[in-house]
Amino acid sequence: MNKIVVLVIMSLLFSCGKKREIENIFISKDNEYWDYDDTCQSHGIYFRFNEKGDWDKYNRDIFDGFELFNNDGDLISDARTWSIKNDRIFVWNDEDYKIESYSKEKIVLTYYHYKEKDKKCTVTFTKVIDK
């Protein structure tokens, strides 16, 4: 009986540690941005994922650098949330993305297109450091 309790506790500790490791990869430092590329939608946008579970969107200007771009005229962002679920799912504004791979420099996610259910899309985040 004690062995089962120890195994359950160990698996919970390992799971929490892995989740925290993945979260730390996503969280942007002061001068870091994630360059966003989606095979089904768009690219050329940058994101910062914050420790408190929200995110910000940025444009990058050749002369002015990164500029906050959460709201675009009449298009206003709602609550901008993100989290990690079950160590392999990135939850972004209530949408699930499967975490295919991750490192400190690159994150690869996949999801199925909202209109074409059999179409698998890939999101790649590549770290950019603003010097």
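The preceding data block contains the structure.
Right, let's walk through the structure included here. (Residues numbered from 1 in each chain as written. Predicted model: local features only at pLDDT ≥ 70, side-chain atom pairs only at ≥ 80, totals over all residues. Heavy atoms only, no water.)

The next subject is the nonpolar core. Of all hydrophobic cores here, the largest spans 22 residues; its most connected members are Phe 26, Phe 49, Trp 82, Phe 90, Trp 92, Leu 109 and Phe 125. The set of elements that each furnish at least two residues to this core consists of helix 1 (2-26), strand 1 (32-38), strand 2 (43-49), strand 5 (82-85), strand 6 (89-92), strand 7 (95-102), strand 8 (106-112) and strand 9 (120-129). With near-sequence residues (within four places) excluded, Leu 109 lies in contact with Phe 26, Phe 90, Tyr 97, Lys 98, Ile 99, Glu 100, Cys 121, Thr 122, Val 123 and Phe 125. One finds Tyr 33, Tyr 46, Tyr 58 and Phe 66 within the second-largest nonpolar core, a separate group that totals five residues. (Core = buried A, V, L, I, M, F, W, Y, C linked by side-chain atoms within 4.5 Å. Buried < 20%, exposed > 50% of the residue type's maximum accessible area, 1.4 Å probe, protein only. Helix = DSSP H or I, 4+ residues; strand = E, 2+ residues; numbered from the N terminus. Contact = heavy atoms within 4.5 Å.)

Enumeration according to the criterion identifies 25 aromatic pairs in this entry. Their ring planes at 70 degrees and their centres at 5.8 Å tell us that Phe 49 and Trp 82 sit as a pair that is edge-to-face. Note that Phe 49 is positioned in strand 2 and Trp 82 in strand 5, a separation of 33 residues in sequence. For the residue pair Phe 49 and Trp 82, the accessibility class agrees, reading buried in each case. In this structure an aromatic cluster arises from ring pairing among Phe 26, Trp 34, Tyr 36, Phe 47, Phe 49, Trp 55, Trp 82, Phe 90, Trp 92, Tyr 97, Tyr 111 and Phe 125. Lying across the ring of Tyr 33, Arg 48 places its NZ or CZ 5.3 Å from the centre. Lying across the ring of Trp 55, Arg 80 places its NZ or CZ 5.8 Å from the centre. (Phe/Tyr/Trp six-rings, centres within 6.5 Å; stacked < 30°, edge-to-face > 60°. Lys NZ or Arg CZ within 6 Å of the ring centre and 35° of its normal.)

No statement about biological role is implied by the geometric values presented.
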